[in-house]
Amino acid sequence: MPGGIPDARDGLTRLQRVILYELHKLQRERPDKPSIPVIQLYGRVIEHIDCSEEELQEALQSLGAAGKTQS
């Protein structure tokens, strides 16, 4: 599926899959930066799926990543 999110039967939720997809894209766009700001990732994710910041944080934690949010 060119340009889309691949359908894989791996147990990930749609939100987790979108996070990984956008995180991969951001890492390729920013090869000189060791980390991606969570707020930037959130902006990309909500272009694909409606979720709250809390849902994003829970999904990141379930994937083994922890990010800092701005309060």
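Just above sits the structure.
Residues numbered from 1 in each chain as written. Predicted model: local features only at pLDDT ≥ 70, side-chain atom pairs only at ≥ 80, totals over all residues. Heavy atoms only, no water.

K.L.:
Help me understand the overall build of the protein chain, please; the structure alone is not making it clear to me.
P.N.:
In terms of regular secondary structure, the protein chain is built from 3 helices and 0 strands. Reading the secondary structure of the protein chain in the N-to-C direction produces α-α-α. Look at the contacts in the protein chain between residues 6 or more apart in sequence, and 40% of them connect residues 24 or more apart. (Helix = DSSP H or I, 4+ residues; strand = E, 2+ residues; numbered from the N terminus. Contact = heavy atoms within 4.5 Å.)

K.L.:
What is the right way to look at the nonpolar core in this model?
P.N.:
One recurring pattern in soluble globular proteins is that nonpolar side chains are buried together. Counting residues in hydrophobic clusters, the biggest one holds 14 residues, and the most contacted among them are Leu15, Ile19, Leu41, Val45, Cys51, Leu56 and Leu60. Contributions of two or more residues to this core are made by helix 1 (14-29), helix 2 (38-45) and helix 3 (53-62). Not counting residues within four places of it along the chain, the set of residues in contact with Ile19 comprises Leu41, Val45, Leu56, Ala59, Leu60 and Leu63. (Core = buried A, V, L, I, M, F, W, Y, C linked by side-chain atoms within 4.5 Å. Buried < 20%, exposed > 50% of the residue type's maximum accessible area, 1.4 Å probe, protein only.)

K.L.:
Where do I start with helix 2 in this structure?
P.N.:
Because each turn of an α-helix spans 3.6 residues, side chains separated by three or four positions end up pointing in the same direction. Residues of helix 2 that are buried include every one of Val38, Leu41, Tyr42, Arg44 and Val45, and no others. Take helix 2 and look down its axis: the buried residues cluster within an arc of 165 degrees, on one side only. Elements in contact with the buried residues of helix 2: helix 1 and helix 3. (Arc of directions from axis to C-beta.)

K.L.:
Explanation requested: the environment of Ile39 in the structure shown.
P.N.:
Here Ile39 shows up in helix 2. A C-alpha to C-alpha distance of 8.8 Å links Ile39 and Glu53, two positions 14 residues apart in sequence.

K.L.:
I'm lost on helix 1 in this one. Help?
P.N.:
Taking 1.5 Å as the rise per residue, helix 1 with 16 residues should run 22 Å; its terminal C-alpha atoms sit 23 Å apart, in good agreement. Taken as a whole, helix 1 has its buried residues at Leu15, Gln16, Arg17, Val18, Ile19, Glu22 and Leu26. Contact partners of the buried residues in helix 1: helix 2 and helix 3. (Expected span 1.5 Å × (residues − 1).)

K.L.:
Honestly, the packing of helix 2 against helix 3 in this entry has me stumped. Any pointers?
P.N.:
A pair of packed helices can be characterised by two numbers: the angle between their axes and the separation between those axes. In contact at an axis separation of 11 Å, helix 2 and helix 3 are set at 105 degrees when each is read in the N-to-C sense. In terms of orientation, helix 2 and helix 3 fall into the roughly perpendicular class. Residues Val38, Leu41, Tyr42 and Val45 of helix 2 form the contact with helix 3, whose participating residues are Glu53, Leu56, Gln57 and Leu60. Partitioned by chemical class, the residues of the contact of helix 2 with helix 3 number 6 nonpolar, 1 polar and 1 charged. (Axes fitted to C-alpha atoms, helices over the stretch in contact; angles between N-to-C directions. Parallel < 35°, antiparallel > 145°, perpendicular 65-115°, else oblique. Nonpolar A, V, L, I, M, F, W, Y, C, P; charged D, E, K, R; others polar.)

All we've got here are geometric facts, nothing functional implied.
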